Amino acid sequence: MSSSPPPENAERILLVEDDDLMRRSFGTALERYGYRVRTAGDGLAGLEHFREQDFDLLILDVMLPGLDGIGLCRKVRETSLVPVLMMSARGDGLDVVAGLEAGADDYVVKPVDTYVLVARIRSLLRRATYPRPTDGQGTEQTPQSGPGVVEFGELRIDMGGMVVTVRDAPVALTPTELKVLLEFAAEPGIVLDRHALLRNVWDYGWDADTRVVDLCVQRLRRKIGRDRIETVRGFGYKLRR
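Here the structure is a predicted model, which is why all the values come from computation and not from measurement.

The rules behind these values
- Here the residue numbering is sequential within each chain, running from 1 through the sequence in written order.
- Owing to the predicted nature of the model, reporting of local features is limited to residues with pLDDT of at least 70; listing and counting of side-chain atom pairs is limited to 80 or more, with chain, interface and lining totals taken over all residues.
- By convention in this description, side-chain values take in all heavy atoms of the structure and omit both hydrogens and water.
- Numbering of helices and strands runs from the N terminus; a helix is a DSSP stretch of H or I covering at least four residues, while a strand is a stretch of E covering at least two.
- One less than the residue count of a helix, multiplied by 1.5 Å, gives the span that helix is expected to have.
- Categorising residues by exposure relies on relative accessible area from a 1.4 Å probe, with only protein chains included: less than 20% of the type maximum marks a residue as buried, more than 50% marks it as exposed, and the intermediate range marks it as partly exposed.
- Note on ring pairs: Phe, Tyr and Trp rings are taken, using the six-membered ring of Trp, and paired if centres are within 6.5 Å. Classes follow the plane angle, with under 30 degrees stacked, over 60 edge-to-face and the rest tilted.
- Placement of a positive charge over a ring is assigned whenever Lys NZ or Arg CZ falls within 6 Å of the ring centre and within 35 degrees of the normal to the ring plane.
- In short, DSSP must find at least two bridges between two strands for them to pair.
- In this analysis an axis means a line fitted to C-alpha atoms, helices contributing only their contacting stretch, and an angle means the value between N-to-C directions, from 0 to 180 degrees.
- Contacts: residue pairs with any heavy atoms within 4.5 Å of one another.
- Throughout, the term roughly parallel applies to angles under 35 degrees, roughly antiparallel to angles over 145, roughly perpendicular to angles from 65 to 115, and oblique to all others.
- Only Asp, Glu, Lys and Arg are considered charged in this grouping, and only Ala, Val, Leu, Ile, Met, Phe, Trp, Tyr, Cys and Pro are considered nonpolar; every other residue, Gly among them, is considered polar.
- With its strands directed away from the observer, a crossover is right-handed exactly when the path from the first strand over the helix to the second travels clockwise.

A.B. asks: It is not clear to me how helix α8 (residues 211–224) should be interpreted in this structure. Could you clarify?
C.D. replies: The α-helix advances 3.6 residues per turn, and as a result positions three or four apart in sequence lie on the same side. Counted at 1.5 Å a residue, the expected span for α8 with its 14 residues is 20 Å, and the 20 Å between its end C-alpha atoms agrees. Of all 14 residues in α8, 10 are buried, a share of seventy percent or more. Where α8 terminates, the next one or two residues include Gly-225, which has phi positive at roughly 120 degrees.

Here it is as structure tokens:
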């Protein structure tokens, strides 16, 4: 951990948490780990910060005044694929499901140890390092047929450029959705169980809540075609050739 201020090129995190003590505690801890942290105490302030500045990752508490974390995540997803980590204090899972359905990539349940929070942050940031080439005007390139391009019906994946299209139209995927799709594309027709996906995509080295897999697959289906990923009940999912 670093005791000096994070460098200017450090990864930038927006932390939106309404509990003053927790916001200061997490903010200080993350800065010690080398991140540049900006904080907000409510959802509307968090949305304003998000629109003013580019961030590498967002941490959103579910229960926020003004605009809750679920609504804030939906607003973010209207314009951005930035990784989103939700924090929930509820143990019944309702917040977890709502957050993941809104487009969050992962979640932690409070109270959470700093080392667990940092582990989830590092995992999300690793997923976000996949290159997304553009045409110089911010528009993702459409891949051409050739080496490194795989096709499954109307779905086309440029494995080198990490560009996904359906019927030649670019598909915007979050880093987590892209990583899940690449796992399927590497073994088309092979059933991948949820726990293997948790290990390979979310970096969970222990049994965890498989709903993150199920809801990510649901979002992915909406983008690439509901029939492209098949559910194999009792086992997991597979990509149809």
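A.B. asks: Help me out: how do you make sense of the packing of aromatic side chains in this one?
C.D. replies: Aromatic ring pairs are described here by two measures, namely the spacing of the ring centres and the angle between the planes. Enumeration over the complete set of coordinates arrives at zero aromatic pairs. The residue whose ring lies beneath Arg-120 is Tyr-204, and the NZ or CZ to ring-centre distance is 3.9 Å.

A.B. asks: Just to check I follow, could you spell out the sheet that holds strand β3 (residues 57–61) for this structure?
C.D. replies: In sheet architecture, strand pairing relies on hydrogen bonds along the backbone and comes in two forms, parallel and antiparallel. Overall, parallel pairing links the five strands, which are arranged β2-β1-β3-β4-β5 in an open sheet. Edge positions in the open sheet fall to β2 (36–40) and β5 (106–109), since each of these has one partner strand only. Direction aside, neighbouring strands of the sheet carry axes that sit 20 degrees apart on average. As defined by bridge partners, β3 adjoins strand β4 (residues 84–88) across four bridges and the pair is classed as parallel. Of the residues in β4, the one forming a bridge with Asp-61 is Met-87. Along the sheet, helix α2 (residues 43–52) contacts β1 (12–16), β2 and β3; its crossing angle with β2, the most-contacted strand, is approximately 140 degrees.

A.B. asks: Please clarify how the packing of helix α7 (residues 194–202) against α8 should be interpreted in this entry.
C.D. replies: Working note: a packed helix pair is described by the angle between its axes plus the distance between those axes. Relative to each other, α7 and α8 sit at 80 degrees, their axes nearing to 9 Å. Considered as vectors, α7 and α8 are oriented roughly perpendicular to each other. Together, Arg-194, Leu-197, Leu-198 and Trp-202 of α7 and Val-212, Val-213, Asp-214 and Cys-216 of α8 make up the contact between the two elements. Grouping the constituent residues of the contact of α7 with α8 by class yields six nonpolar, no polar and two charged.

A.B. asks: Just to check I follow, could you spell out the pairing of β4 for this structure?
C.D. replies: Where a strand is regular, its side chains alternate between the two sheet faces. Among the five residues of β4, five are classified as buried, and the element is accordingly described as predominantly covered. Residues Val-84, Met-86 and Ser-88 point to one face of β4 and Leu-85 and Met-87 to the other, with burial holding for every one of them. The handedness of the β3 to β4 crossover, carried by helix α3 (residues 69–77), is right-handed. Alignment of β4 against β5, held across four bridges, turns out to be parallel. Of the residues in β5, the one forming a bridge with Met-87 is Val-108.

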